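# Reading the structure
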Amino acid sequence: MKDKIKVIINEDQKAVKVPTGTRLLIRRCCNAVLQLEKFEGGAEISVSLVDNERIHALNRQYRNVDRPTDVLSFPLGENGEYDVNPETGAKLLGDIVISVEQAEIQSQQFGHSFRREIAFLTVHSMLHLLGYDHENGGLEEVRMHEKEELVLTEIGLPRSNSFPEEM
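Quick look at the structure, then. (Residues numbered from 1 in each chain as written. Predicted model: local features only at pLDDT ≥ 70, side-chain atom pairs only at ≥ 80, totals over all residues. Heavy atoms only, no water.)

This paragraph deals with the side chain of His128. Checked against the element boundaries, His128 lands in helix α4 (residues 114-129). With sequence-adjacent residues up to four places away left out, His128 is seen in contact with Ser73, Pro75, Asp133, His134 and Met144. (Helix = DSSP H or I, 4+ residues; strand = E, 2+ residues; numbered from the N terminus. Contact = heavy atoms within 4.5 Å.)

All of the buried residues in helix α3 (residues 100-110) are Val100, Gln102, Ala103, Gln106 and Ser107. Down the axis, α3 shows its buried residues gathered within 145 degrees of arc, on one side only. In the core, the buried residues of α3 are packed alongside β2 (43-50), α2 (52-63), β5 (91-99) and α4. Immediately downstream of α3, the backbone of Gly111 shows phi near 70 degrees, a positive value. (Buried < 20%, exposed > 50% of the residue type's maximum accessible area, 1.4 Å probe, protein only. Arc of directions from axis to C-beta.)

What characterises a pair of aromatic rings is the spacing of the ring centres plus the angle enclosed by the ring planes. Enumeration according to the criterion identifies 2 aromatic pairs in this entry. Seen from their ring centres, Phe39 and Tyr82 are 6.0 Å apart, and the 65 degrees between their planes marks the pair as edge-to-face. With a gap of 43 residues between them, Phe39 in the loop between α1 (22-36) and β2 and Tyr82 in the loop between β3 (71-75) and β4 (83-84) connect regions that are remote in the sequence. Residue Tyr82 is classed as buried on the basis of its relative accessible area of 15%. With a centroid separation of 5.1 Å and an interplanar angle of 70 degrees, the aromatic rings of Tyr62 and Phe74 are classed as edge-to-face. Placement of the pair is Tyr62 in helix α2 and Phe74 in strand β3, with a sequence separation of 12 residues. (Phe/Tyr/Trp six-rings, centres within 6.5 Å; stacked < 30°, edge-to-face > 60°.)

Rendered as structure tokens:
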């Protein structure tokens, strides 16, 4: 029997109409990251789709950054150790909060689809839940970007040949 991956998705915003298939895409991204990382056992991930106002409040509360952002990750594990849901035995990886409003803005800025942006933010955040960090740059950041592109290519959303200038 294959280990169960449970992705709980809550939509708590009205700013952007989320296209059909977005929930399935988010689940595929979570599964693809766990597969790439050879994650063993069941897992639970919570994903919240919010607007800029909500993510701004969370960013201010938890990171002391007074502006909206595209995605926040709240890992529940540390060094590969996770709390376990006693009913299912699944490891509780943590929470992902995506601003669909910011995702829509960024997809236009970067010249790719909303689907690709949502997928990128999900994959990026999943890697954070598994302990990856890019804040200090260097090799860790390069490894994280390589893994992101690998997963996005695998699910059929590779980077286009156009590279937008950094904001």
